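The chain contents come next:
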Amino acid sequence: MKTHIENLLNNCINKLSNEYDINKDLVKNIRIDRTKDKAHGDFATNIAMLLAKSLKKPPRDVATLIIDTLDKSDRIEKTEIAGPGFINFFVKKDFISKQLKSMLDDERLSIKKIDAPLNIVVDYSAPNVAKEMAVHHIRSTVIGDSVVRVLEFLGHNVIRANHVGDWGTQFGMLIAYLERKQKESSEDLVLSDFEAFYREAKLCYDSDEEFAVKARSYVVKLQGGDEYCNKMWKKLVDMTMTQNQEIYDRLDVTLSKKDIMGESLYNDMLPTIVDDLMQKKLAVIDDGAVCVYLPQYKNKEGEPLGVIVRKQDGGYLYATTDLACVKYRVEKFNANRLMYFIDSRQHQHLEAVWDIARKAGYADDSIVIEHDAFGMMLGKDGKPFKTRSGGTVKLKDLLDEAESRVTKLLEERNCNISDADRANVIHNIAIGAVKYADLSKNRLTDYIFDWDLMLSFDGNTAPYLQYAYSRIRSIFRKTNEPLGDIVINNEAEESLATALLAFPDAVDQVAQKAMPHILCTYLFNLAGTFMHFYEACPILKDDVDENTRRSRLALCELTSRVLKQGLGLLGINVMEQM
Ligand code: ARG
């Protein structure tokens with residue numbers, strides 16, 4: 001409410017400053033105070049006294065002028081001038097109550113579905129075949145998935161595009177090695193350690209000439225559509241994605257196998273794309289390769305950046321695939337917005353590709369294409385997050401460690417959890433903590449991965465928010481009293497009400513900016529505001545009258561629902577008891 005009045009006054013000053021020369025320094029001293037005696041309204045401001053000099057009028061006249069200039073507001077009952085020139089605001093009593101009531105009555109908590117849903121293609125996760133999911137994939141996966149949930153909740157038509165790295169010359173070597181491994185064992189090969197598989201394959205390739213020759217011939221065969229090589233390649237893709245699906249499920253990420261749109265999907269389009277670029281005179285042949293020059297991007301030497309779309313040997317590149325992929329997404333899904341959750345180091349690559357795609361007419365100006373970039377995940381030492389021996393941390397190991405840390409933590413805290421619930425609680429806290437640590441930071445910055453901080457029960461963490469939720473639910477286990485009309489009688493209640501009503505806006509911001517940390521900050525503030533309310537406003541004590549108690553219970557109910565829905569949009573579960 002205070003901010004609302006502040007906005008009204010600021011608008012008013014802006015209007016007045018067209019006519020009067022207003023000293024901007026004075027404006028900083030404007031006070032909006034809550035009145036002690038409600039007979040004088042709910043808020044009072046000294047603005048008229050401050051502006052009297054600039055406006056060369058007596059304060060009471062200035063007050064009249066201000067009141068006449070104020071925008072109409074559906075939240076203000078009336079205004080009055082008091083004493084030497086104070087302006088008193090009488091707030092419409094039922095305004096906030098009514099809004100809270102409609103929020104409470106609405107399953108969607110006053111978040112409206114969009115009138116004109118967009119087709120939004122979201123490129124996220126995108127791990128590589130025959131590799132373990134690495135740290136930057138957890139960022140893309142978790143942040144992308146949260147934005148997907150928000151967009152879908154708002155009613156958009158979202159297409160998840162898992163741009164899996166499933167193509168490239170390395171597949172000759174991988175097929176040759178898979179073949180060798182299969183010959184060695186009679187049983188069906190199960191790959192549990194892709195890191196080792198890849199390393200060993202590379203070792204054979206580098207040290208065994210016969211193997212290398214075979215590997216190279218397999219690349220050619222695979223590209224030529226050879227049936228055997230294709231079958232082996234598919235096997236590698238399937239094994240990888242089956243393993244990754246386990247990770248997605250464990251992370252409560254909404255991706256499934258049907259969302260896979262790997263690089264290979266675009267293979268057939270690549271020759272046509274290159275021909276098309278040549279024909280449109282966007283590409284030139286340079287030293288046998290096909291290249292597009294972009295004068296607005298300069299390389300280190302200050303020359304225009306050249307993007308190769310076909311190599312001398314006829315092979316295509318990552319950039320060619322990404323070009324095809326813009327065309328595909330626009331045509332196939334009639335996309336209005338293309339979002340790419342990819343780490344910030346690929347920014348120039350993407351910008352260059354999209355520039356070409358626009359010039360070639362694959363995406364017109366009405367289509368929004370955006371790089372929703374993110375920084376790196378760093379260790380406590382500020383260096384890229386690595387294992388003790390300096391290797392990449394496998395996502396699976398990271399999640400295992402999270403769960404074992406939470407198991408220990410719950411033992412230490414002597415939590416009262418039934419054996420039946422235990423596994424679920426551990427899962428929710430561990431996964432929630434890891435995801436929230438990532439989601440709660442502005443994605444554009446690097447962030448420091450710190451077990452102790454993310455698992456703490458106070459601070460801006462998932463366990464803190466999950467605990468806040470459980471704590472509110474525990475109130476309802478102590479009473480059967482029905483919820484009542486919400487009446488706002490003091491500052492703690494009003495702050496909570498204001499925080500609750502800001503929920504739809506926070507969600508909307510996440511959708512617009514693709515930044516889940518906005519929602520995290522919102523939820524963290526809401527939980528803090530609730531804790532303050534909870535200390536200041538007794539609920540179940542004997543001396544609380546029935547209307548007040550029922551009103552406060554309704555505020556508790558609404559807070560818990562916003563926390564649950566908000567965390568849900570982040571892909572984090574809550575528990576009734578923890
Ligand atoms: N597979 C790539 C990597 O691991 C990410 C792909 C991102 N998506 C895209 N359309 N280029 O870095």
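The structure reproduced in this document is the subject of the present report. (Residues numbered from 1 in each chain as written. Predicted model: local features only at pLDDT ≥ 70, side-chain atom pairs only at ≥ 80, totals over all residues. Heavy atoms only, no water.)

1. A closer look at the site of the ligand
Thought 1: Near the ligand the following residues occur: Asp-123, Ala-126, Asn-128, His-136, His-137, His-163, Tyr-318, Asp-322, Tyr-340, Ile-342 and Gln-346.
Thought 2: In this structure, Ala-126 approaches the ligand through a main-chain N or O atom, which is 3.0 Å from a nitrogen atom.
Thought 3: A molecule is said to occupy a pocket when more than half its atoms come within 2 Å of that pocket's grid points, and by this definition the ligand occupies the largest pocket.
Thought 4: Looking at the shell around the ligand, the elements that each hand over two or more residues are α6 (135-153) and α12 (318-333).
Thought 5: Here the residues of the shell around the ligand are counted per class, giving 4 nonpolar, 5 polar and 2 charged. (Near = heavy atom within 4 Å. Polar contact = N/O pair within 3.5 Å; in protein donor to acceptor, adjacent residues only side chain to side chain. 1 Å grid on protein atoms, 1.4 Å probe; cavity = no way out; pocket = protein on both sides within 12 Å on 5 of 7 lines; lining within 4 Å. Sits in = over half its atoms within 2 Å of the grid points. Helix = DSSP H or I, 4+ residues; strand = E, 2+ residues; numbered from the N terminus. Nonpolar A, V, L, I, M, F, W, Y, C, P; charged D, E, K, R; others polar.)

2. Considering the sheet that holds strand β1 (residues 32-34)
Thought 1: Strand order across the open sheet formed by 4 strands is β1-β2-β4-β3, with antiparallel pairing between neighbours. Edge strands, defined here as strands with exactly one partner in the open sheet, are β1 and β3 (76-82). Across the sheet, the mean angle from the axis of one strand to that of its neighbour is 25°, orientation sign disregarded.
Thought 2: Pairing analysis gives 3 bridges linking β1 to strand β2 (residues 43-45), with the strands arranged antiparallel. Bridge pairing links Asp-33 to Ala-44 in β2.
Thought 3: Helix α1 (residues 2-16) rests against β1, β2, β3 and β4 (86-91) of the sheet, and its axis sits at about 150° to β1. (Pairing = 2+ DSSP bridges. Axes fitted to C-alpha atoms, helices over the stretch in contact; angles between N-to-C directions. Contact = heavy atoms within 4.5 Å.)

3. Quick look at the environment of Met-376
Thought 1: Considering the arrangement of structural elements, one finds Met-376 in the loop between β11 (368-371) and β12 (377-378).
Thought 2: Setting aside residues no more than four positions away along its own chain, Met-376 makes contact with Arg-139, Arg-345, Pro-384, Asp-446 and Tyr-447.

4. Focus on the packing of helix α20 (residues 517-536) against helix α21 (residues 546-569)
Thought 1: Interhelical geometry of α20 versus α21 gives an angle of 160° and a closest axis separation of 10 Å. The angle between α20 and α21 falls in the class roughly antiparallel. Like other packed secondary-structure pairs, α20 and α21 cross with a definite hand, here left-handed. Side by side, α20 and α21 meet where Leu-519, Tyr-522, Leu-523, Leu-526, Phe-530 and Phe-533 of the first sit next to Arg-552, Leu-555, Cys-556, Thr-559, Val-562, Leu-563, Gly-566, Leu-567 and Leu-569 of the second.
Thought 2: Looking at the contact of α20 with α21 residue by residue, the classes come out as 12 nonpolar, 2 polar and 1 charged. (Parallel < 35°, antiparallel > 145°, perpendicular 65-115°, else oblique. Left-handed = near helix turned anticlockwise from the far one by under 90°.)

5. Focus: the environment of Phe-90
Thought 1: Structurally, Phe-90 is set in strand β4.
Thought 2: Separated by 30 residues in the primary sequence, Phe-90 and Arg-60 have C-alpha atoms spaced 18 Å apart.
Thought 3: Those residues within four positions of Phe-90 in sequence are excluded, and the remaining contacts are Lys-38, Ala-39, His-40, Gly-41, Asp-42, Ile-76, Glu-77, Lys-78 and Glu-80.

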